[in-house]
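# Breakdown of the fold
Spelled out from the first residue to the last, the chains are:
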Amino acid sequence: QVQLVESGGGLVQAGGSLRLSCAASGRTFSSYAMGWFRQTPGKERDFVATINWSGGITYYADSVKGRFTISRDSAKNTVYLQMNSLKPEDTAVYYCAATIRFTIATMRAQYDYWGQGTQDTVSS
């Protein structure tokens, strides 16, 4: 089976940075998108960012645009989320996801595989 494993979460002060990584194993995804979502208790899992296989197309949620950058290294089967200028409202469990159906994807239902999540906490 395909497995996605996130890493890089932790505690950071407001204004700081974190870099999340998501490593894929079990198969390769040659043509389709990967993405990042986040979820806080009592709320839905919300879209953060997505990237196509080549890395030439990206989309971001308005709440993170200009602060977060998604990238990928196909040789390492890894996708990254660089998070800068972090705010307390960015505190969440962050999940990476992969789709084998869509070139680019911003909705939960478009994704086929999910990581276990990593906790990011931004203090005031």
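Residues numbered from 1 in each chain as written. Predicted model: local features only at pLDDT ≥ 70, side-chain atom pairs only at ≥ 80, totals over all residues. Heavy atoms only, no water.

## Section: the sheet that holds strand β8 (residues 78-83)
Convention followed: Here a strand pair is declared whenever DSSP counts at least two bridges between the two strands. To qualify as a helix, a DSSP run of H or I must reach at least 4 residues; to qualify as a strand, a run of E must reach at least 2; elements of each kind are numbered from the N terminus. Between N-to-C directions, angles cover 0 to 180 degrees, with each direction set by a line fitted to C-alpha atoms, over the stretch in contact for helices.
What the four strands build is an open sheet, ordered β1-β3-β8-β7; its pairing is antiparallel. The open sheet has two free edges, formed respectively by β1 (3-7) and β7 (68-73), since each of these has just one partner strand. When the angles between neighbouring strand axes are averaged without regard to direction, this sheet yields 15°. By the bridge criterion, five bridges tie β1 to strand β3 (residues 18-25) in an arrangement that is antiparallel. Directly across from valine 5, in β3, lies its bridge partner alanine 23.

## As for the environment of tyrosine 60
To keep things clear, this is the line we draw: Here, two residues are considered to be in contact whenever any of their heavy atoms come within 4.5 Å of each other. Pairing of N or O atoms within 3.5 Å defines a polar contact, subject to two protein rules: one partner must be a possible hydrogen donor and the other a possible acceptor, and residues neighboring in sequence count only if both atoms are side-chain atoms.
With respect to the helices, strands and loops of the structure, tyrosine 60 is situated in strand β6 (residues 58-60). As for tyrosine 60 and valine 48, which are separated by twelve residues in sequence, their C-alpha atoms are 5.7 Å apart. Sequence-distant contacts of tyrosine 60, defined by excluding residues within four places in its chain, comprise Phe47, Val48, Ala49, Lys65, Phe68, Thr69 and Ile70. A polar side-chain atom of tyrosine 60 sits 2.9 Å from the main-chain amide nitrogen of isoleucine 70.

## Quick look at the state of the cysteines
The criterion, for reference: Sulfur atoms of two cysteines make up a disulfide when they are within 2.5 Å. The cut-offs for exposure are 20% and 50% of the maximum accessible area for each residue type, with area from a 1.4 Å probe on protein chains only; residues under the lower value are buried, those over the upper are exposed, and the others partly exposed.
All told, the structure shown has one disulfide when counted by the stated rule. Note that cysteine 22 is cross-linked by a disulfide to cysteine 96, the S-S spacing being 1.9 Å. Disulfide cysteine 22-cysteine 96: torsion about the S-S bond near 50°, hence right-handed. You can see cysteine 22 sitting in strand β3 and its partner cysteine 96 sitting in strand β9 (residues 92-98), a full 74 residues away along the chain. Exposure class is identical for cysteine 22 and cysteine 96. Each is buried.

## Notes on unusual backbone geometry
Its identity as a non-glycine residue notwithstanding, asparagine 77 has a phi of 50°, on the positive side. Along the chain, asparagine 77 turns up in the loop between β7 and β8. The backbone phi angle of serine 85 is positive, close to 50°, even though this residue is not glycine. Within the element layout of this structure, serine 85 appears in the loop between β8 and β9.

## Let's talk about the pairing of strand β11 (residues 118-123)
Side chains of β11 alternate between two faces, with Thr118, Asp120 and Val122 buried and Gln119, Thr121 and Ser123 left unburied. Inspection of the sheet shows strand β2 (residues 11-13) paired to β11 by three bridges, in the parallel sense. Its bridge partner lying in β11, glutamine 13 is registered against serine 123. Pairing of β9 with β11 involves three bridges; the strand directions are antiparallel. Bridge pairing links valine 93 to glutamine 119 in β11.

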